[in-house]
Amino acid sequence: MLLLLLLGLCLGLPLCTGWQERLAPAPELQEARSGDDSLEQVGHRVPRQLRLLQRLKTKPLMSDFSVKSTIISRYAFTTVSCRMMNRASEDQEVEFQMQIPVAAFITNFTTLIGDKVYQGEITEKEKKNGDRVKEERNKTREDSGEKGTETFKASLVIPSKDKAAFLLSYEELLQRRLGKYEHSISVRPQQLVGRLTVEMSILEKSGIASLEVLPLHNSRQKGSGAGEDDSGPPPSTVINQNETFAKVVFKPSVVQQAKIAQNGILGDFIIRYDVNREQSIGDIQVLNGYFVHYFAPKDLPPLPKNVVFVLDSSASMVGAKLRQTKDALFTILHDLQPQDHFSIIGFSNRIKVWKDHLVSATPDSVRDGKVYIHHMSPTGGTDINGALQRAIRLLNEYVARNDVEDRSVSLIVFLTDGKPTVGETHTVKILNNTREAARGRLCIFTIGIGNDVDFKLLEKLSLENCGLTRRVLEEEDAGSQLIGFYDEIRTPLLSDIRINYPRDLVEHATKTLFPNYFNGSEIIIAGKLVDRTMDQLHVEVTASNSKKFVVLKTDVPVEPQKVGNDVAGSTRSKGVGEDDPNHIERLWSYLTVKELLSSWLQSGDEREKEQLRQKAQSLAVNYHFLTPFTSMKLKKPAVPTEGLEDSYGMSAATGPETVIQNLQGASVQSEPALKKPYNPRIKISKTSADGDPHFVVDFPLSKLTICFNIDGQPGDILRLISDHMHSGVTVNGELIGAPAPPNGHKKQRTYFRTITILVNQPERSYLEITPHRVILDGRDRLVLPCNQSVVVGSRGLEVSVSANANITVTIQGSIAFVILIHLYRKPAPYQRNHLGFYISNSKGLSSNCHGLLGQFLNQDAKLTEEPVGPSRNLPDPPSPQAGKRPETILRVKGHRVPVVWKQRKIYNGEEQVDCWFARNNAAKLIDGEYKDYLAPHPFDTEMTFGLGGPKGL
């Protein structure tokens, strides 16, 4: 089987996640091409029609495309999953593509072909044969098909009538720009998808100040569509939000997809948000030996700017590029403040300086500057070195003459569309000349326009001189992009920022010196604590602003903080002697690797470069980051997966060597270390909800068993255990429907397709269980397939999966639930893969526990009249009176319930129990009515019947 995986920057590729078939020309078409002209007549177009029908029939079908992204304190974990089917009678090669942000690191790629699973493994980069993902993405970013993104590609062959599935995960730290964090997901499957879902969750401890969902953003490349309504969130978007948590779900139906784009190319799904900021020194979070410091002060007076605009006016700028650039600079000059000083340089093969000194931004000078720009005309070559040297000299002379260095910010805004062709053209010499001239006293911000620009050179110029670089695509509105980039640096608030932590308490901190802070941005520092037992961390910030020298000090509590709803994507197990990984540790490792890569790129010393490479490589392997110094190999499956069922979503498709995204603090054991599989007939009670669903409640003291049915509707979420305010445990079950068997008395059957468990103590964790997967969201995110035996545990919570049999959830050692897995290889129309819920240990649940099952756990029951038939529950059932049919009454919780004797099968039908059955949906048995037990969403924790529990998460 051919398996070719390629990760790279692909010029001209659509910004998409999609599949492209590669078929040989149809025989009919070949005959048509070799035939005579009569084939072009209307009556002889059958071959073309046949070819079209063949392509429509055999095009690989995408049945599922879903993206789940979770942002915890600005750090985003994203997983893309996709399922594909080859309906053709021959093997076909298909290609999966995904645009990911330039700043992101891929952490996992897994593919399933038929019943074989290939899991990605991050290793040190070396030249070896075999299946791997080739890392070329960072060699330059100039080849990127879209602004700010890179293309991940994987092509493989799907056997005839078989399936393939893909799972891609990546992580990134969101950067604040213009006062907002922006998170963008590429949603371009290139065909209409039966099930398409994008789900974004945001958890910000400091509070969400604003949240905006943008319209779908379509690229201008051929084939992209536009929706009927391009204002506001895309159709079918649902937003749920409270003070610290938000969830956004985009789930368009096939009809809605077709309205947006008939060919399935939708666009970028984008959210923007910001957080509350109360303290001037910033938001500092400490967790398990790691800390992160977010510094974004506000309400400060702006610093004066000394800025030189350097504009490429070579012949290649002719036309729209120069026109749009001029328009943008008109706007930028108009925005300058009276305390700012500026000058303008145009360059081609000659350096043309507007003024030989910087002038104040008065209305007259701004007008004269606009006139100078207006009369620029494109001609000649590109002398990048000469233009930079002249701009640096202008700034240095102005600063030296006016003694304004301590109270202003010096900037060069450099714009070009090409490579150096005149003067000094050697890249290394240009970089050295610029670095020696600037000497760290000014920042260079570079902008590259079009596809011919030397973006690597511009990137290094900015990296080595405390600036930023941006790419402007030629076919887009360059003017608005230039203005947007300038807006990021238009308002400097602080200069020479130094953030200090005690050296004896903090180690391996990321960058702590910053030349400038611009309004709307953010400075982020992360580090490790030497002593985790200390009570507080001293933080000191010094900086200059327009009026004074600023000093901020504070002491931050260091005790481990509970972070509820953490849903991270850690791909790293706890090693020997290591502490529990967490999202702040992931953020620290991300920042550290980024800084090592940046230092490696800037360094000119080969020995230093090798040391930086080794450090970056070691850290990237340890934290599973795909970088220029690491590679991804695909491990072939050790054991083929048999009978893999279709699942909701993708997680179950990871197979025997599944991607384990470890729970915070989880210790993952392999199958040989597992105990003997759970024997439900010995170790769990009869109290359960299983089957259609049938409820069974066991009362051991009176040796009675009660049973009842709940005939809900598909989609209903039933509250089974409700003890949120006391033990902190809630269990809900979601129903799925199926037609009733022939000649049955019911119109339909219902089963539990999902069991959700929320544990709120000592730390909040969420469990979502289906017949095919277990998703555990604690401090980090864990995805376990149900076809593999595994045990994970963390801080009083243990989850044990017995392959294709059951899942045992143990909480604090005093609460245990067993979920049975019911799978059908060839299900009848009235059968569905489903779950059964059994209570094994309820000692830890409080006396106030409620729910359809929970309300009976601390109760007892008795029969007050004789039953009609024999029962094993009653040792010596008396005979009924002659000629009279007495009614059997059950007394429980003050209720008087007529019951009849019945037999039920439990434990996968392996055991039969006798029980007293309460009719009519248990109307007289349970508190309240059936509708009182319906939850609005799977993780709802509301207590029923006025017991005072909170709603929602």
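Residues numbered from 1 in each chain as written. Predicted model: local features only at pLDDT ≥ 70, side-chain atom pairs only at ≥ 80, totals over all residues. Heavy atoms only, no water.

Evaluated as defined, the whole model comprises two cavities of 30 Å³ or more. Of the volumes computed, that of the second largest cavity is approximately 90 Å³. Within the residue set of the lining of the second largest cavity, elements represented by two or more residues are β19 (305-312), α4 (320-335), β23 (409-416) and α9 (478-489). Here the lining of the second largest cavity is built from residues that sort into eleven nonpolar, no polar and no charged. (1 Å grid on protein atoms, 1.4 Å probe; cavity = no way out; pocket = protein on both sides within 12 Å on 5 of 7 lines; lining within 4 Å. Points joined across faces, edges and corners; volume = space filled by probe spheres on them. Helix = DSSP H or I, 4+ residues; strand = E, 2+ residues; numbered from the N terminus. Nonpolar A, V, L, I, M, F, W, Y, C, P; charged D, E, K, R; others polar.)

This part is about the packing of helix α8 (residues 455-464) against helix α10 (residues 583-602). One can describe the packing of α8 onto α10 by two numbers: an axis separation of 10 Å at closest approach and a directional angle of 110°. In terms of their interaxial angle, α8 and α10 are classed as roughly perpendicular. When α8 is examined against α10, the residues Glu459, Lys460, Leu463 and Glu464 are found in contact with a partner set consisting of Ser598, Leu601 and Gln602. Here the residues of the contact of α8 with α10 sort into two nonpolar, two polar and three charged. (Axes fitted to C-alpha atoms, helices over the stretch in contact; angles between N-to-C directions. Parallel < 35°, antiparallel > 145°, perpendicular 65-115°, else oblique. Contact = heavy atoms within 4.5 Å.)

This part takes up the packing of aromatic side chains. This model, assessed by the stated rule, comprises 27 aromatic pairs. Through pairs of rings, three or more aromatic residues link up here, namely Tyr75, Phe77, Phe105, Tyr290, Trp588, Tyr590, Tyr623 and Phe625. Over the aromatic face of Phe105 sits the side chain of Lys594, whose NZ or CZ is 4.5 Å from the ring centroid. (Phe/Tyr/Trp six-rings, centres within 6.5 Å; stacked < 30°, edge-to-face > 60°. Lys NZ or Arg CZ within 6 Å of the ring centre and 35° of its normal.)

What follows is about the state of the cysteines. For the coordinates displayed, the defined rule picks out two disulfides. For Cys443, the disulfide goes to Cys466, at an S-S distance of 1.9 Å. Its S-S torsion of approximately -105° makes the covalent link between Cys443 and Cys466 left-handed. With Cys443 in strand β24 (residues 443-449) and Cys466 in the loop between α8 and β25 (469-472), the pair connects residues that are 23 residues apart, well separated along the chain. Numbered by order of appearance in the sequence, the disulfide-linked cysteines of the protein pair as 1-2, 3-4. (Disulfide = S-S within 2.5 Å.)

So, on to α10. A rise of 1.5 Å per residue sets the reference length of α10, with its 20 residues, at 28 Å; its end C-alpha atoms lie 29 Å apart and thus fit the reference within 8%. By the criterion of burial, α10 is predominantly enclosed, with 15 of the 20 residues buried. (Expected span 1.5 Å × (residues − 1). Buried < 20%, exposed > 50% of the residue type's maximum accessible area, 1.4 Å probe, protein only.)

Our next topic: the sheet that holds strand β28 (residues 513-518). Taken in spatial order, the four strands make up an open sheet running β28-β26-β30-β31, and their pairing is antiparallel. The open sheet is flanked by β28 and β31 (549-557), the only strands paired with a single partner. Across the sheet, the axes of successive neighbouring strands diverge by a mean angle of 25°, strand direction being ignored. (Pairing = 2+ DSSP bridges.)

With that settled, the discussion passes to the sheet that holds strand β10 (residues 176-177). Pairing within the open sheet is antiparallel, and its four strands lie in the order β10-β11-β16-β13. Because the sheet does not close on itself, it has two edges, and the strands there are β10 and β13 (208-213). Inspection of the sheet shows β10 paired to strand β11 (residues 180-187) by two bridges, in the antiparallel sense. Bridge pairing in β11 places Arg176 opposite Tyr181.

Right, let's talk about unusual backbone geometry for a bit. For the bond running from Asp692 to Pro693, omega is 0°, close enough to zero to count as cis. Summarising the element assignment, Pro693 is placed in the loop between β33 (688-690) and β34 (694-699). The phi dihedral of Asn288 falls on the positive side, at around 50°, and the residue is not glycine. Take Asn288: it is sitting in the loop between β17 (283-287) and β18 (290-295). Judged by its relative accessible area of 10%, Asn288 falls in the buried class.

Glancing now at the pairing of strand β35 (residues 704-709). Counting buried residues in β35 gives six out of six residues, a clear majority hidden from the surface. Side chains Leu704, Ile706 and Phe708 project from β35 onto one buried face, and the interleaved Thr705, Cys707 and Asn709 project onto a second face that is buried too. In the sheet, β34 pairs with β35 via six bridges, with the strands oriented antiparallel. Note on β35: the bridge partner recorded for Asp698 is Thr705. Here β34 folds back onto β35, and the loop between the two strands holds four residues, one of which, Lys703, carries a positive phi near 55°. Taken together, the three bridges between β35 and strand β50 (residues 911-918) define a ladder with parallel strand orientation. Bridging from a neighbouring strand, Ile706 pairs with Trp916 of β50.

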